[in-house]
Every structure is written in structure tokens, then in C-alpha cells.
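Chains, contacts and geometry: an overview
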Amino acid sequence: MNVVLMGMPGVGKGTQAEWLERENGLSRIATGDMLREAVQQGTPLGRRVREYLESGQLVPDDMVGELIGRRLGNSEVRRGFVLDGFPRTRQQVVLLDRVLDRRGLRLDAALLLTASEQDIVRRLEGRRVCPHCRKVYHLASRPPKSAGVCDACGAALIQRADDSGEVVLDRIRLYGERTSPALQAYRERGLLHEIEGGGRPDEVHRRVREELERLS
Ligand code: AMP
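Remember, predicted model here, so these are calculated numbers, not experimental data.

1. Describing the packing of helix α2 (residues 31–41) against helix α3 (residues 44–55)
The contact between α2 and α3 brings their axes to 8 Å, and the two run at 115°. Both α2 and α3 take part in a crossing whose hand is left-handed. Touching Leu35, Arg36, Ala38 and Val39 of α2 are Leu45, Gly46, Val49, Arg50 and Leu53, all from α3. Its residues assigned to classes, the contact of α2 with α3 shows six nonpolar, one polar and two charged.

2. Observations concerning the nonpolar core
Counting 55 residues, the largest nonpolar core has Leu72, Phe81, Leu96 and Tyr186 as the members making the most contacts within it. Here this core takes seven residues from helix α7 (residues 166–188), the largest share from any one element. Contact partners of leucine 96, with chain neighbours within four places excluded, come to Val4, Leu72, Leu83, Phe86, Pro87, Leu107 and Tyr186. Within the second largest apolar cluster, five residues are counted, among which are Cys130, Cys150, Ala155 and Leu157.

3. Some remarks on the environment of serine 75
Locating serine 75 in the fold gives a position in the loop between α4 (61–71) and β3 (81–84). Between the C-alpha atoms of serine 75 and glutamate 37, which are 38 residues apart in sequence, the distance is 21 Å.

4. Concerning the sheet that holds strand β4 (residues 109–114)
Where strands meet in a sheet, backbone hydrogen bonds hold them as pairs that are either parallel or antiparallel. Spatial ordering of the open sheet is given by β2-β3-β1-β4-β7, a layout of five strands whose pairing is parallel. With one partner strand each, in any of the chains shown, β2 (27–30) and β7 (192–196) form the two edges of the open sheet. Strand-to-strand, the axes of this sheet are offset by a mean angle of 25°, without reference to chain direction. In this fold helix α1 (residues 13–24) packs onto β1 (2–6), β2, β3 and β4, with an angle of close to 170° to the strand it touches most, β3.

5. Observations regarding the site of the ligand
Contacts to the ligand come from 16 residues, most closely from Thr31, Gln57, Gly85, Arg88 and Gln92. For the ligand, a nitrogen atom lies 3.0 Å from a polar atom in the side chain of arginine 88. Taking arginine 171, its side chain carries an N or O atom lying 3.3 Å from an oxygen atom of the ligand. Elements with a minimum of two residues in the shell around the ligand: α2 and α3. Per-element accounting of the shell around the ligand gives the leading share, four residues, to α2. Looking at the shell around the ligand, its residues break down into seven nonpolar, five polar and four charged.

6. Re the pairing of β1
Among the five residues of β1, five are classified as buried, and the element is accordingly described as predominantly covered. By the alternation rule, side chains of β1 split into Asn2, Val4 and Met6 and Val3 and Leu5, which are all buried. In terms of strand pairing, β1 meets β3 through four bridges, oriented parallel. The partner of leucine 5 across the bridge, within β3, is aspartate 84. Bridge count for β1 against β4 is four bridges, and the pairing is parallel. For valine 4, the partnering residue across the bridge sits in β4 and is alanine 110.

7. Notes on unusual backbone geometry
The omega torsion of the bond from phenylalanine 86 to proline 87 falls at 0°, within 30 degrees of zero and hence cis. With respect to the helices and strands, the residue proline 87 is situated in the loop between β3 and α5 (90–103). Even without being glycine, arginine 134 reaches a positive phi, approximately 75°. Note that arginine 134 resides in the loop between β5 (127–129) and β6 (136–138).

Quick notes on the rules
Residues numbered from 1 in each chain as written. Predicted model: local features only at pLDDT ≥ 70, side-chain atom pairs only at ≥ 80, totals over all residues. Heavy atoms only, no water. Axes fitted to C-alpha atoms, helices over the stretch in contact; angles between N-to-C directions. Helix = DSSP H or I, 4+ residues; strand = E, 2+ residues; numbered from the N terminus. Left-handed = near helix turned anticlockwise from the far one by under 90°. Contact = heavy atoms within 4.5 Å. Nonpolar A, V, L, I, M, F, W, Y, C, P; charged D, E, K, R; others polar. Core = buried A, V, L, I, M, F, W, Y, C linked by side-chain atoms within 4.5 Å. Buried < 20%, exposed > 50% of the residue type's maximum accessible area, 1.4 Å probe, protein only. Pairing = 2+ DSSP bridges. Near = heavy atom within 4 Å. Polar contact = N/O pair within 3.5 Å; in protein donor to acceptor, adjacent residues only side chain to side chain.

Geometric values such as these leave the question of function open.
What follows is the structure in C-alpha cells.
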């Protein structure tokens, strides 16, 4: 199965994508992670995108398009993939169509995780991440066993620069302006399936699994 996970920042796309990777063997392709990695490693791309990431702005299409094009060219995606954080604009929907066409691949569904704006702000502000292995925590709903330390690798947890204050509100605003038209594009094609993203991650996962079973 080839699916796209959509929804506001912090709605739980990353957590659900990880689950789908583990349980269904799908290749997880998360543009945010790929871009953050490029920044951390100080690659030429990383240097060009750093400011966009820190201010919560969208990275220009040509840069994200190149990353996605390369990644979808890997043979491992043939066993199925889950895209997390891409496409985020109507132009990126077209860009993805072109890449998939070229590779002889097809999208089966776009799953939209929904949550209230209030919930989103709470989730983003409490989110902590491991800069080393990228495991994601939440201070209230998914705390690490030992405060401030990653359960998996022992690194000190951090708050993403774009997960607090005004940047959070900017990202939510940007989602409404730029990503809503991308959702509409999939809705018009009958590919969009809405899933309630509230509640515990395992409850959301059950809903995601049920939706995928209905589709297969
Ligand atoms: P995420 O981890 O998905 O919340 O993405 C973090 C940041 O990476 C975003 O705020 C953007 O700056 C950048 N980014 C990730 N995916 C995309 C995309 N598809 N298009 C443009 N920028 C992106």
C-alpha cells in the first residue's frame, strides 16, 4: 500500500507513520526528519533550509522535490510507503503525481488525521524529541521513563525550535492557507479519508488500521 498521512503539525502523523512502518513494513518517508537531518549534518541542503525550519516556513518546492524524488527512486519503496509531511501544498500534490508516474507507482489513499486547534497547541508545546534517534515524547501523555532523557538511546531530549510560542501559531496558519488546498485536491479525487486523531496513539492507530483494512 502507498499512503500519504496528512494533518496539522503535531497531530500524530509521525507516530502513526512509525507504527505503519513497524507493523506493515511500509517505508516511512518523513520530509521533516530528512530536512532536520540535513541541518544537523550541515550539508549544503541543510545550510539552505535551516532558516525555513526554525521559523516554521515551508521549504521551497525544488528542494523538497529533489529529496522526495531521490527517495522514491529507492527500490525499498516498492514494498509500499507512507509519506509523512509531504505533500503540503497543491503544487506538491502535482509534484508527487509526476514523481510517482515516472516511477510507475500509484497512491492508494491520503489519510487525514483531525484534531482541534486547541489540542494541537497543547500537543506541540509538550512535545520533546530525541535529537539523536528521533524518538518523540510528550511531557504529559508520553513522558520518558527518566525526565529529560531518551528511553531508547539515553540522549538529552530537546524541544524543537519550531514547537513553541508564535512559531506554533504561524505553522497552524500556514497549514490552513497552504495545505488545505492539497487536501481538497485529494478529496476531489476520492482519495481522502478522515480519521479522528484525538485520544491515545494506540486508539488512533486502531482507527488507522481499520480504515486501511476497509480500503484493501
Ligand atoms: P515536520 O517535521 O513535518 O513538522 O516539518 C518540519 C519543517 O520542515 C516544516 O515546518 C518545514 O519547514 C519543513 N518541511 C517539512 N516537510 C515539508 C514540505 N513537504 N514542504 C516544505 N517544507 C517542509
